[in-house]
Amino acid sequence: MSDYFEEMSRTPLRDGEAPNSMLHMARFLRDSGMWDLLWPDAKLPPPASKDAVENLSEIKIESTESKQCPVCLKEFEVDDKAKLMPCQHVFHQECIIPWLQKTNSCPLCRYELPTDDEDYEMYRKEKKRAVERERDLETLHNSMFS
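Residues numbered from 1 in each chain as written. Predicted model: local features only at pLDDT ≥ 70, side-chain atom pairs only at ≥ 80, totals over all residues. Heavy atoms only, no water.

Engineer: It is not clear to me how a negative patch on the surface should be interpreted in this structure. Could you clarify?
Structural biologist: Where like charges cluster on the molecular surface, the negative patch consists of D51, E54, D116, D117, E118 and D119. Among the secondary structure elements, those contributing two or more residues to the negative patch are α4 (50-54) and α6 (118-144). Relative to the helices and strands, E54 is located in helix α4. (Patch = residues over 30% accessible without salt bridge, like charges linked within 9 Å, V, L, I, M, F, W, Y side chains within 5 Å. Areas by Shrake-Rupley, 256 points an atom, 1.4 Å probe, with all protein chains shown as cover. Salt bridge = Lys/Arg side-chain N within 4 Å of Asp/Glu carboxyl O. Lys, Arg positive; Asp, Glu negative; His and termini not counted. Charge placed at Lys NZ, Arg CZ, Asp CG, Glu CD. Helix = DSSP H or I, 4+ residues; strand = E, 2+ residues; numbered from the N terminus.)

Engineer: Could you clarify how one ought to interpret the sheet that holds strand β2 (residues 81-84) in this entry?
Structural biologist: In any sheet, the strands associate via hydrogen bonds between backbone groups, in a parallel or an antiparallel arrangement. If you walk across this open sheet you meet the three strands as β1-β2-β3, and the pairing is antiparallel. Where the open sheet ends on each side, the last strands, each with one partner, are β1 (57-60) and β3 (90-92). Going across the sheet, the axis of each strand differs from the next one's by a mean of 45°, ignoring polarity. Relative to β2, β1 runs antiparallel, the two sharing four bridges. The residue of β2 that forms the bridge with S57 is L84. Here helix α5 (residues 93-100) sits on the sheet and contacts β1, β2 and β3; the angle it forms with β3, its principal contact strand, is near 95°. (Pairing = 2+ DSSP bridges. Axes fitted to C-alpha atoms, helices over the stretch in contact; angles between N-to-C directions. Contact = heavy atoms within 4.5 Å.)

Engineer: Is there a simple way to think about α6 in this case?
Structural biologist: An α-helix turns once per 3.6 residues; consequently, residues spaced three or four apart project the same way. Taking 1.5 Å of rise per residue, 27 residues should cover 39 Å, and α6 covers 39 Å from first to last C-alpha, within 8% of that figure. Among the residues of α6, the N-terminal cap falls to D117, whose side-chain oxygen and the backbone nitrogen of D119 are separated by 3.1 Å. (Expected span 1.5 Å × (residues − 1). Polar contact = N/O pair within 3.5 Å; in protein donor to acceptor, adjacent residues only side chain to side chain.)

Engineer: Explain the UniProt feature "domain: RING-type" (unreviewed entry) in the protein here, please?
Structural biologist: Those residues carrying the UniProt feature "domain: RING-type" (unreviewed entry) are residues 69-110 in this numbering. Secondary structure content for residues 69-110 is 19% helix and 17% strand, while the C-alpha to C-alpha distance between its ends is 16 Å. (UniProt positions renumbered as here; feature names shortened; annotations may be inferred.)

Engineer: Can you walk me through the environment of L44 in this structure?
Structural biologist: Mapped onto the elements of the fold, L44 is located in the loop between α3 (34-38) and α4. In sequence terms L44 and N104 are 60 residues apart; their C-alpha atoms lie 9.5 Å from each other.

Engineer: So what exactly am I meant to see when it comes to unusual backbone geometry here?
Structural biologist: Glycine aside, the phi torsion of most residues is negative, and most peptide linkages are trans. Here the phi dihedral of D79 falls at roughly 75°; this positive angle occurs in a residue that is not glycine. Tracing the backbone through its elements, the reader meets D79 in the loop between β1 and β2. Phi is positive for R110, close to 65°, though the residue is something other than glycine. Along the chain, the position of R110 falls in the loop between α5 and α6.

Below, the structure written as structure tokens:
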């Protein structure tokens, strides 16, 4: 019969080691619903759209370069099938598909794929516009005071 730590895939604290109280506080805030009240904009992105995931390029690993999948850290074998993200990062299909079913971004560079969530897409557009406006203001400022 396995104990609690084995069932939960955890390790017990070592002698003299203190628990991480900030982690406990964050879990408490999340579980009690206070996290959303305190930080309403700190939401995880929605999953990538099904069309975007289905349209990812499938490539065949041809060379014996020492490349590895960034998710599972296993080396690619010759003739393995892999998925190529638009950001040119390569992943095992069985690694990246579950990831994209939870969030819409590349695990390495955070390149965002489109989602089916209209509200999130509007939020992304507004965020992009804000960055562009900030850049335009900086350019205007520099042209006036340089």
